[in-house]
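Take a look at the letters that make up each chain.
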Amino acid sequence: GAGVSQSPRYKVAKRGQDVALRCDPISGHVSLFWYQQALGQGPEFLTYFQNEAQLDKSGLPSDRFFAERPEGSVSTLKIQRTQQEDSAVYLCASSFRDRGLLSGANVLTFGAGSRLTVL
Amino acid sequence: TQLLEQSPQFLSIQEGENLTVYCNSSSVFSSLQWYRQEPGEGPVLLVTVVTGGEVKKLKRLTFQFGDARKDSSLHITAAQPGDTGLYLCAGAQTGANNLFFGTGTRLTVIP
């Protein structure tokens, strides 16, 4: 497709359930990022992939969070044993370049996000 | 923990007024971007500034990167209802793989 596609758009989970959020980046985009955005706040970095390699997972808040991108295209963010504090919008972004943020040449295209509500 | 603090957090103004949003940090950034995000959507890039002191204009929007590359501002002239949204600054640092986003400014322009 022309943009970054995320599914599901909305997910309601009971505390303790596992959830999986999917991201379809723009075809050919090398870099893929996951961000967590609390209501009314700016996004916070979770993890970064360059093709299939997860190069940075320093933002994952706990070992309940796991992300993968096995074939260098679609990515899945999995949250195990969800807690109420996990409620947020999870944003995926992709870019064509593997680096280049420093020059500003690396434009991130964001998906619309997956809104997770944990009851 | 977010490295970039934005002010004000909320701003409600009448159509036609001018406004300035600030993005401040104690850290130095190699480049800084401004995004606008509407409800139910992801952030959309408005501009990138890369040189200390740089000023960029995008129609009624003026963006400035501080001389020390620690802060930035967004000035909107004659605001319109279509400017309503969440404005986010985001900085890139040497050696980092990601963008650090600011705390956000929610702007409402009343017709």
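Let me begin by describing the structure that accompanies this report. (Residues numbered from 1 in each chain as written. Chains lettered and ligands numbered in written order. Predicted model: local features only at pLDDT ≥ 70, side-chain atom pairs only at ≥ 80, totals over all residues. Heavy atoms only, no water.)

1. Digging into the pairing of strand β11 (residues 105-110) of chain B
All names here are of chain B.
- Only one face of β11 is covered, namely the face carrying T105, L107 and V109; the face carrying R106, T108 and I110 is uncovered.
- Bridge analysis of strand β2 (residues 10-14) against β11 gives five bridges, and the strand direction is parallel. Residue pairing in the sheet places F10 in a bridge with R106 of β11. (Buried < 20%, exposed > 50% of the residue type's maximum accessible area, 1.4 Å probe, protein only. Helix = DSSP H or I, 4+ residues; strand = E, 2+ residues; numbered from the N terminus. Pairing = 2+ DSSP bridges.)

2. Regarding the packing of aromatic side chains
- Tallying each qualifying case throughout the model produces 10 aromatic pairs over all chains.
- Ring geometry for F110(A) and Y35(B): centres 5.9 Å apart, planes at 90°, overall edge-to-face. With F110(A) in strand β10 (residues 109-110) and Y35(B) in strand β4 (residues 31-37), this residue pair bridges two chains. Each member of the pair, F110(A) as well as Y35(B), is classed as buried.
- When the centroid spacing of 5.5 Å and the interplanar angle of 50° are considered together, the rings of Y35(B) and F101(B) count as tilted. Pair noted here: Y35(B) is in strand β4 and F101(B) is in strand β10 (residues 99-101), with a separation of 66 residues, a long-range link.
- Residue Y35(B) is classed as buried on the basis of its relative accessible area of 0%.
- Under the relative-accessibility criterion, F101(B) is labelled buried at 2%.
- An aromatic cluster of three or more residues is present, and its members are F33(A), Y35(A), F45(A), Y48(A), F110(A), Y35(B) and F101(B). (Phe/Tyr/Trp six-rings, centres within 6.5 Å; stacked < 30°, edge-to-face > 60°.)

3. Here's the deal with the state of the cysteines
- Overall, the coordinates contain two disulfides over all chains when judged by the stated rule.
- Here C23(A) is linked by a disulfide to C92(A), with a sulfur-sulfur distance of 1.9 Å. Taking the torsion about the S-S bond as the criterion, the C23(A) to C92(A) disulfide, at about -65°, is left-handed. Taken together, the residues C23(A) in strand β3 (residues 19-24) and C92(A) in strand β9 (residues 88-95) connect sequence positions 69 residues apart.
- One disulfide bridge connects C23(B) with C89(B), the sulfur atoms lying 2.1 Å from each other. Across the S-S bond of C23(B) and C89(B) the torsion is about 80°, and the bridge reads as right-handed. Placement of C23(B) in strand β3 (residues 19-24) and of C89(B) in strand β9 (residues 85-92) is noted, with a sequence separation of 66 residues between them. Exposure class is identical for C23(B) and C89(B). Each is buried. (Disulfide = S-S within 2.5 Å.)

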